[in-house]
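This is what each chain is made of:
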Amino acid sequence: MIAKRDGREIPKHIAVIMDGNGRWAKKQGAMRIFGHRSGVQAVRDITEGCAELGVDHLTLYAFSTENWSRPQKEVDGLMNLLIKTINSELPTLMKNKVRLTAIGDLQGLATGVYKKLSLAIDETKLNKGLNLILALNYSGKWDLTQAFKVICGEAIKGTIKPEAIDEDLVSNYLSTKGIPDPELLIRTSGEMRISNFLLWQSAYSEFFFTEVLWPDFRKKHLNLAIDSFNDRERRFGKTSEQLDFQ
Ligand code: FPP
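Residues numbered from 1 in each chain as written. Predicted model: local features only at pLDDT ≥ 70, side-chain atom pairs only at ≥ 80, totals over all residues. Heavy atoms only, no water.

K.L.:
Please set out the overall build of the protein chain residue by residue, giving values where relevant.
P.N.:
In terms of helices and strands, the protein chain carries eight helices and eight strands. Compactness check: the protein chain gives a C-alpha radius of gyration of 19 Å against a globular reference of 18 Å for 246 residues, within 12% of the reference. Viewed in the frame of its principal axes, the protein chain has a C-alpha envelope of about 55 × 50 × 35 Å. A total of 246 residues make up the protein chain; the buried ones form 46% of that total. The long-range fraction of contacts in the protein chain, counting pairs at least 24 apart against all pairs at least 6 apart in sequence, stands at 76%. Of the roughly 13200 Å² of accessible surface on the protein chain, a fraction of 54% belongs to carbon and sulfur atoms. If the 34 positive side-chain charges of the protein chain are averaged to one point and the 31 negative ones to another, these points end up 7 Å apart. (Helix = DSSP H or I, 4+ residues; strand = E, 2+ residues; numbered from the N terminus. Rg over C-alpha atoms; globule rule 2.2 N^0.38 Å. Buried < 20%, exposed > 50% of the residue type's maximum accessible area, 1.4 Å probe, protein only. Contact = heavy atoms within 4.5 Å. Areas by Shrake-Rupley, 256 points an atom, 1.4 Å probe, with all protein chains shown as cover. Lys, Arg positive; Asp, Glu negative; His and termini not counted. Charge placed at Lys NZ, Arg CZ, Asp CG, Glu CD.)

K.L.:
Just give me the short version of the sheet that holds strand β7 (residues 184-187), but keep the residues and values in it.
P.N.:
Through backbone hydrogen bonds, the strands of a sheet pair up, either in parallel or in antiparallel fashion. Read across the sheet, six strands follow the order β5-β6-β4-β3-β7-β8 without closing on themselves; strand pairing throughout is parallel. Looking at strand neighbours, the two that pair on one side only are β5 (99-103) and β8 (206-209), the edges of this open sheet. For this sheet, the mean angle separating the axes of adjacent strands, direction not counted, is 20°. Here strand β4 (residues 57-64) runs beside strand β6 (residues 131-138); their pairing, made up of seven bridges, is parallel. Within β6, the residue paired with Thr 59 across the bridge is Ile 133. Where helix α4 (residues 111-123) meets the sheet, its contacts fall on β5 and β6, and the angle it forms with β5 comes to roughly 135°. In this fold helix α7 (residues 219-231) packs onto β3 (13-17), β7 and β8, with an angle of close to 135° to the strand it touches most, β7. (Pairing = 2+ DSSP bridges. Axes fitted to C-alpha atoms, helices over the stretch in contact; angles between N-to-C directions.)

K.L.:
Summarise the pattern of salt bridges; cite the residues concerned and give the values.
P.N.:
Applying the stated criterion across every chain, the model contains 15 salt bridges. Between Arg 187 and Asp 19 there is a salt bridge whose closest N-O contact spans 2.9 Å. Within this pair, whereas Arg 187 is found in strand β7, its partner Asp 19 is found in the loop between β3 and α1 (21-27), the two being separated by 168 residues in sequence. The same class applies to Arg 187 and to Asp 19, which are both buried. Between Glu 74 and Arg 32 there is a salt bridge, and its shortest N-O distance comes to 2.7 Å. (Salt bridge = Lys/Arg side-chain N within 4 Å of Asp/Glu carboxyl O.)

K.L.:
Describe the site of the ligand, and please don't skip the residues or the numbers.
P.N.:
With respect to spatial proximity, 18 residues lie near the ligand, and among them Asp 19, Gly 22, Arg 23, Arg 32 and Arg 70 are the closest. Backbone polar atom of Asn 21 to an oxygen atom of the ligand: 3.1 Å apart, as the coordinates give it. Here the ligand loses 90% of its free accessible area of 620 Å² to cover by the protein chains. Here the ligand occupies the largest pocket. Only α1, α2 (32-53) and α3 (72-95) provide two or more residues apiece to the shell around the ligand. Within the shell around the ligand, the residues separate by chemical class into eight nonpolar, six polar and four charged. (Near = heavy atom within 4 Å. Polar contact = N/O pair within 3.5 Å; in protein donor to acceptor, adjacent residues only side chain to side chain. 1 Å grid on protein atoms, 1.4 Å probe; cavity = no way out; pocket = protein on both sides within 12 Å on 5 of 7 lines; lining within 4 Å. Sits in = over half its atoms within 2 Å of the grid points. Nonpolar A, V, L, I, M, F, W, Y, C, P; charged D, E, K, R; others polar.)

K.L.:
Requested: an account of the packing of α3 against α4, with residues and values cited.
P.N.:
For the pair α3 and α4, the least separation of the axes is 10 Å and the interaxial angle reads 15°. Between α3 and α4, the interaxial angle falls into the category roughly parallel. Helix-helix and strand crossings are classified by hand; for α3 and α4 the assignment is left-handed. Taken together, the residues of α4 that come into contact with α3 (itself represented by Met 79, Leu 82, Ile 83, Ile 86, Asn 87, Leu 90 and Met 94) are Gly 112, Val 113, Lys 116, Leu 117, Ala 120 and Glu 123. (Parallel < 35°, antiparallel > 145°, perpendicular 65-115°, else oblique. Left-handed = near helix turned anticlockwise from the far one by under 90°.)

K.L.:
An account of the environment of Glu 89 is needed here, citing residue identities and associated values.
P.N.:
For Glu 89, the position within the fold is in helix α3. Exposure remark for Glu 89: the relative accessible area of 13% places this residue in the buried category. On a C-alpha basis, the gap between Glu 89 and Met 31 in space is 24 Å, while along the polypeptide they are 58 residues apart.

K.L.:
Provide a residue-level description of α7, including the pertinent values.
P.N.:
Taking 1.5 Å as the rise per residue, α7 with 13 residues should run 18 Å; its terminal C-alpha atoms sit 18 Å apart, in good agreement. Those residues of α7 not exposed but buried are His 221, Leu 222, Ala 225, Ile 226, Ser 228 and Phe 229. On an axial view of α7, the arc spanned by its buried residues comes to 160°, and they lie on one face. Turned more than 90 degrees from where α7 packs its buried face, Lys 220 and Asp 231 sit exposed. Close packing links the buried residues of α7 with β2 (8-10), β3, α2, β7 and β8. (Expected span 1.5 Å × (residues − 1). Arc of directions from axis to C-beta.)

Written out as structure tokens, the structure is:
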């Protein structure tokens, strides 16, 4: 059941494609990394907003498997920003009982980033509040591919029978195992695509697109997204009439 707050349904899981940092910086005549740095304030505000609303899981698409093809200087800047942000935000995460987790090919991150991230994950693991999931070196196709590899390995060993493979089993081999699919997926900056994010998990997500660039995204925009989510009729393949009789 989705929790209710102020007469609104609050999604258990919100996923966000944080987009528009580069354009935001360009508008100010600044370097792209300035946009990413400014995006951290939006991360803070939205994390706080989700915790206040009682959202259980917030997944932020922070670095995709495709982002490695950006200029090296920008990639390095993003990785340094990640380390710096974990360092500066860890006390606030602890204070607010936020549990930090991550999905993606984490072994593919630079050792310094991996170590810092692992330490923060370990330090926050007993926190019972919001689960803040950073998607790092993540893509939906990577996630499905790694799941297929493991499932096929098990099938060859005989520990999984091909006829036992169903949707629940596949979900259990994805990096989001145990986390409900996002009911709401937000993308900022006016782009309207999924960009290889949670491909399997977003099968029935409600999408909310906004022109607002990520560094400008705040709790009021989050609330507009939740209002829009509340206006949707989620039919899951059924008809409106069938829903009326539920
Ligand atoms: C997309 O904007 C943004 C990213 C690829 C990185 C997101 C990173 C942050 C918000 C900062 C740090 C985050 C954490 C969790 C510490 P873009 O560069 O694609 O913008 P553009 O489309 O305008 O060029």
